[in-house]
Amino acid sequence: METRIFHITEQNMDEAALAVAGEILQKGGLVAFPTETVYGLGGDALNPDSARRIYEAKGRPSDNPLIVHICRIEDMYPIVREVTPRALAIAEAFWPGPLTLILEKSDRVPYETTGGLDTVAVRMPSHPVAAELIRCGGGYIAAPSANLSGKPSPTLAKYVVQDMNGRIDAVIDGGEVGIGLESTIIDLTVEPPQILRPGYITREMLEQVLGQVDVDAAILEGGGDLVPKAPGMKYRHYAPQGDLIILSGEESKVVDYINKAVPEDVRGGHKVGIICTDETAGLFGDAVIKAVGTRKDEESIARRLYSILREFDDEQVTRIYSEDFESDGLGQAIMNRLLKAAGHRIIYV
Ligand code: AMP
Ligand code: MG
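Here is what the cut-offs are and how they apply
Residues numbered from 1 in each chain as written. Chains lettered and ligands numbered in written order. Predicted model: local features only at pLDDT ≥ 70, side-chain atom pairs only at ≥ 80, totals over all residues. Heavy atoms only, no water. Helix = DSSP H or I, 4+ residues; strand = E, 2+ residues; numbered from the N terminus. Polar contact = N/O pair within 3.5 Å; in protein donor to acceptor, adjacent residues only side chain to side chain. Contact = heavy atoms within 4.5 Å. Near = heavy atom within 4 Å. Areas by Shrake-Rupley, 256 points an atom, 1.4 Å probe, with all protein chains shown as cover. Nonpolar A, V, L, I, M, F, W, Y, C, P; charged D, E, K, R; others polar. Salt bridge = Lys/Arg side-chain N within 4 Å of Asp/Glu carboxyl O. Buried < 20%, exposed > 50% of the residue type's maximum accessible area, 1.4 Å probe, protein only.

Novice: What is the right way to read the side chain of T37 from this model?
Specialist: Note on placement: T37 falls in the loop between β2 (31-33) and β3 (40-44). A polar contact of 3.4 Å, which involves the side chain of T37, links it to the side chain of R123. Apart from the residues lying within four places of it in its own chain, the contact partners of T37 are P98, R123, V177, I179, G180, L181, E182 and S183.

Novice: Would you mind showing me how to read the site of ligand 1 here?
Specialist: Neighbouring residues of ligand 1: 19 residues in total, closest N64, T119, P144, R197 and G232. The separation between an oxygen atom of ligand 1 and a polar side-chain atom of R60 is 3.2 Å. Here N64 contributes a side-chain N or O atom positioned 3.1 Å from an oxygen atom of ligand 1. Burial of ligand 1 by the surrounding chains reaches 95%, relative to a free accessible area of 500 Å². Elements with a contribution of two residues or more to the shell around ligand 1: β6 (119-123) and β10 (194-197). A total of 3 residues in the shell around ligand 1 trace back to one element, the largest contributor, which is β6. Split into classes, the residues belonging to the shell around ligand 1 amount to 12 nonpolar, 4 polar and 3 charged.

Novice: Is there a simple way to think about the environment of A218 in this case?
Specialist: Tracing the backbone shows A218 in helix α8 (residues 217-221). Expressed as a C-alpha distance, the spacing of A218 and L46, which sit 172 residues apart in the sequence, is 31 Å. When near neighbours in sequence (up to four residues on either side) are disregarded, A218 contacts L226, V227 and P228.

Novice: Where do I start with the pattern of salt bridges in this structure?
Specialist: Opposite charge on two side chains allows them to pair when their charged atoms are near. Counted under the stated rule, the structure contains 21 salt bridges. With its nearest N and O atoms 3.9 Å apart, the salt bridge here joins E74 to R72. Among the residues examined, R72 registers a relative accessible area of 43% and is labelled partly exposed. Close ionic contact of E182 with R337 constitutes a salt bridge, the shortest N to O distance being 2.8 Å. Separated by 155 residues along the polypeptide, E182 in the loop between β8 (170-173) and β9 (184-187) and R337 in helix α11 (residues 330-341) bring together distant segments of the chain. The exposure class assigned to E182 is buried, which follows from its relative accessible area of 5%. We classify R337 as buried; its relative accessible area is 1%. Residues joined by salt bridges that share partners form a network here, namely D243, D265, R319 and R345.

What follows is the structure, given as structure tokens:
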């Protein structure tokens, strides 16, 4: 299959190209597109064949449900059993934006899209290209991240092309995404509501609208016996090809540990990479050093993290050390993704 590339940005909303891409979706084809979180791999959420194609293109296990993307709040009504008052309140507070709601599904949504579950994940993205493509594509677009299963989510179209060229009908290149981590997922079918995946919208922000909000214990602990409630969170994920090890502890001890480990790794035949911050970038010896941003601006760290993991792959790095990050606010989402990318290998120094 030949994959077409369209260039569509907020500044250049090519309506003709969007109409073509929308028609591909309506006919059951797949189109990758930018959202404010990461690039999504879109297919018609109400067409079981499209859902099957998405799983096939990604190599994703079919028990891992897809998020249904909409472009108007009212479009939520036909696909869920009931829009509860708190679902409406939270949608009005955070949509369009990086928040996914889990609600009971209606019969309109095929089980292929929900991975066999009776619940459905719904999100209304704020990226103008995404919103317009969803409208042109019929209003209900299933869109997991546009990477091969297990790899870091793409924050640039070139990484979508790397993974998906020849596997899908089209890619919309809309430049670099703004947030860089997937949406926060909140389950509204339980009491109190529960965060299944941390993201840009934090627990503190959600509690202002909903009152008490819990966090799925499995995403905080991880690596143990607890099974995460979002089926996708149980897989090793976001992973670079090199083995990744996180160092946790006082900054100077982390730096010392890495500086001692690197020469040994190099002697053992490794090409070593380091994920550090602007604050520590000058403190390391000879390695592929990548500063992910400054600790004073976690948003810059979120935006850079996945592309750094991809760059290590491009440079064939075989071992990666990373500093750790805060465990609350946006830092919680960053640490959650980093831990999963590392298969939960963390060394306390
Ligand atoms: P992605 O589309 O790659 O961002 O992944 C979607 C995430 O949403 C996965 O972790 C899924 O397991 C999760 N998800 C989607 N639908 C549901 C649902 N109905 N219940 C719980 N988690 C869900
Ligand atoms: Mg994903």
